[in-house]
Amino acid sequence: MSSIFSDHQEDYALKYFHFIALIPSLFSPLQLLAADQTTDAVADFVRAEMQQQHIPGLTLLVSRSGNPIRTEGFGLSNLELSVPAKPETIFQSGSVGKQFTATAVMMLVEAGKVGLEDPLTKYFPDAPASWKQVTVRELLSHTGGFTDYPKDFDERKDYTEQQVLKIVEAIPLAYSPGTSWSYSNLGYLTLGILIHKVTGQFYGEFLQQRIFRPLAMSTARIINEADIIPNRSAGYRLVNGEHKNQEWVSPSLNTTADGSLYFSILDLAKWDAALYTETLLKKSSLAQMWTVAPLRDGRPNSGHYGYGWFIEVQDGHRVIEHEGQWQGFRTQISRYVGDQLTVVVLTNLAEAKPDRIAHGVASLYFHK
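Just so it is clear, the model here is predicted, and its values are computed rather than measured.

### Quick look at the sheet that holds strand β4 (residues 91-92)
Strand pairs in the sheet, formed through backbone hydrogen bonds, run parallel or antiparallel to each other. As summarised here, the arrangement of the three strands in space is β4-β8-β5, forming an open sheet in which the pairing is antiparallel. The sheet is open, and its two borders are formed by β4 and β5 (221-222), each paired with just one other strand. The sheet contact formed by β4 and strand β8 (residues 261-263) spans two bridges and is antiparallel. Bridging from a neighbouring strand, F91 pairs with F263 of β8.

Here it is as structure tokens:
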């Protein structure tokens, strides 16, 4: 076949294509990404924070009244393969997943299958006698006296649901239920088992059937590192200032209801939009979740916690929010309900401070 180029043209073309092929080696992946992205105050702020915090990759969602006005990726979702972070990138939820567990419980409350004032022994008849004093409401609000994983808990061991429940049952309550507040992953782990007992479904299946599919959250799911999952980000941690891969935990431990989900900012945009409606829960149920739960003497709990959400006031703006941290990921959702503004920041670094970024982005929108 004859060439479409003359000898001179062909020589020029080869040199040109050779130069194009060299571009990735002349510039770092982050430089190439930065050259492609538009610059404005929000982007500048996010990139500055990423640089200061050494965050490899980040995705940002900004929504008004449930309508996304910004979905953007920054940096890399995978350092080894130089994969850019993008709105479709999937991150681990960490404790941001607790709001989904709390929503599932409130769905069962609305259906009359669970009572907020029910003692835990109604669902766990073989539990210690002290559980008779703990209500479902108190597990939801971290006021039941439950603690966190014990120091000798082996995160690399596979447990059955019954085995991990026995571990939780063996830990004495830290205080009399309803008299104080302490954040408890084990409390939400127990709520996931409660959902299973009441519905006959693993809590992840319940979420998929009752929340994710109805909202078309197409990539939200329980963590499964064995499955082939497109757009999955890698998680990282800093060791002596260097990025290292996330530490490994057992597959069964990555399925508990204290925050073991995958999702993207596109999924969370749909979640945020649904929270303006009664698609999942009645407004009265949402109002309970977004109110600081009282202790038994009527005082608000010291954690400013509702059911699956923290409730705060920042510079005069009421915000319901939650942060998550797990296995090399750090995440934040902040919903400024009076302003109808939501900011979500998903990162793939254990030491990241996504709350600082979310609050800073919100402030920029408030002052526009």
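Still more ground to cover, so stick around.
### With respect to the environment of G178
Note that G178 resides in the loop between α6 (161-169) and α7 (185-199). Considering only alpha carbons, one finds G178 and R296, 118 residues apart in sequence, at a separation of 5.1 Å. If sequence neighbours within four positions are ignored, G178 has contacts with E138, T143, L295 and R296.

### Regarding the sheet that holds strand β1 (residues 57-64)
Strand order in the open sheet made by the seven strands is β3-β2-β1-β12-β11-β10-β9, with antiparallel pairing throughout. Only two strands of the sheet have a single neighbouring strand rather than two, namely β3 (83-84) and β9 (310-314). As judged from the five bridges shared by β9 and strand β10 (residues 317-326), these two strands associate in the antiparallel manner. Across the sheet, the residue bridging to V313 is R318, located in β10. The sheet contacts of helix α11 (residues 354-366) involve β1, β2 (67-78), β9, β10, β11 (329-336) and β12 (341-347), and relative to β11 the element is tilted by about 30 degrees.

### Let's talk about the packing of helix α4 (residues 98-110) against helix α8 (residues 203-212)
One way to put it is that α4 packs onto α8 with a least axis distance of 10 Å and a crossing angle of 75 degrees. Our classification of the angle between α4 and α8 gives roughly perpendicular. In contact with F100, T101, T103, A104, M107 and L108 of α4, α8 contributes Y203, F206, L207, R210, I211 and F212. The class makeup of the residues in the contact of α4 with α8 is nine nonpolar, two polar and one charged.

### Here we look at α7
At 3.6 residues per turn, the α-helix brings residues three or four places apart onto the same side. Over its 15 residues, α7 extends 22 Å from the first C-alpha to the last, a length consistent with the 21 Å expected when each residue adds 1.5 Å. Across the 15 residues of α7, eleven count as buried, placing the element largely inside the fold. Against the buried residues of α7 lie α4, α5 (136-140), α6 and α8. Just downstream of α7, G200 is the residue with a positive phi angle, here 80 degrees.

### Considerations on the pattern of salt bridges
The final tally for this structure, using the stated rule, is twelve salt bridges. Where R137 meets E117, a salt bridge forms, and the shortest distance between an N and an O atom there is 2.4 Å. Of the two residues, R137 sits in helix α5 while E117 sits in the loop between α4 and α5, which places them 20 residues apart along the sequence. One continuous salt-bridge network, built from bridges that share partners, spans D40, R70 and E72.

### Things to note about α8
Across the ten residues of α8, seven count as buried, placing the element largely inside the fold. Inspection of α8 places Y203, G204, F206, L207, Q208, I211 and F212 among the buried residues, and these make up the whole buried set. Residues of α8 that are buried in the fold lie against α4, α7, β5, β8 and α9 (265-274).

### Things to note about the packing of aromatic side chains
Counting across every chain of the model gives 17 aromatic pairs. With centroids separated by 4.2 Å and ring planes inclined at 35 degrees, the aromatic side chains of F100 and W271 adopt a geometry described as tilted. With F100 in helix α4 and W271 in helix α9, this residue pair connects regions lying 171 residues apart in the sequence. Taken together, F100, F212, F263 and W271 form an aromatic cluster joined through their ring pairs.

### As for the pairing of β11
Among the eight residues of β11, eight are classified as buried, and the element is accordingly described as predominantly covered. Where β10 lies against β11, seven bridges are found, and the strand directions are antiparallel. Directly across from H322, in β11, lies its bridge partner I333. Note that β11 and β12 share seven bridges and pair antiparallel. Along β12, the bridge assignment pairs S334 with V343. Between the end of β11 and the start of β12, which pair antiparallel, lie four residues, with Q340 showing a positive phi angle near 55 degrees.

Parameters and conventions
- Residues numbered from 1 in each chain as written.
- Predicted model: local features only at pLDDT ≥ 70, side-chain atom pairs only at ≥ 80, totals over all residues.
- Heavy atoms only, no water.
- Pairing = 2+ DSSP bridges.
- Helix = DSSP H or I, 4+ residues; strand = E, 2+ residues; numbered from the N terminus.
- Contact = heavy atoms within 4.5 Å.
- Axes fitted to C-alpha atoms, helices over the stretch in contact; angles between N-to-C directions.
- Parallel < 35°, antiparallel > 145°, perpendicular 65-115°, else oblique.
- Nonpolar A, V, L, I, M, F, W, Y, C, P; charged D, E, K, R; others polar.
- Expected span 1.5 Å × (residues − 1).
- Buried < 20%, exposed > 50% of the residue type's maximum accessible area, 1.4 Å probe, protein only.
- Salt bridge = Lys/Arg side-chain N within 4 Å of Asp/Glu carboxyl O.
- Phe/Tyr/Trp six-rings, centres within 6.5 Å; stacked < 30°, edge-to-face > 60°.

As far as function goes, none of this settles anything; it's purely spatial.
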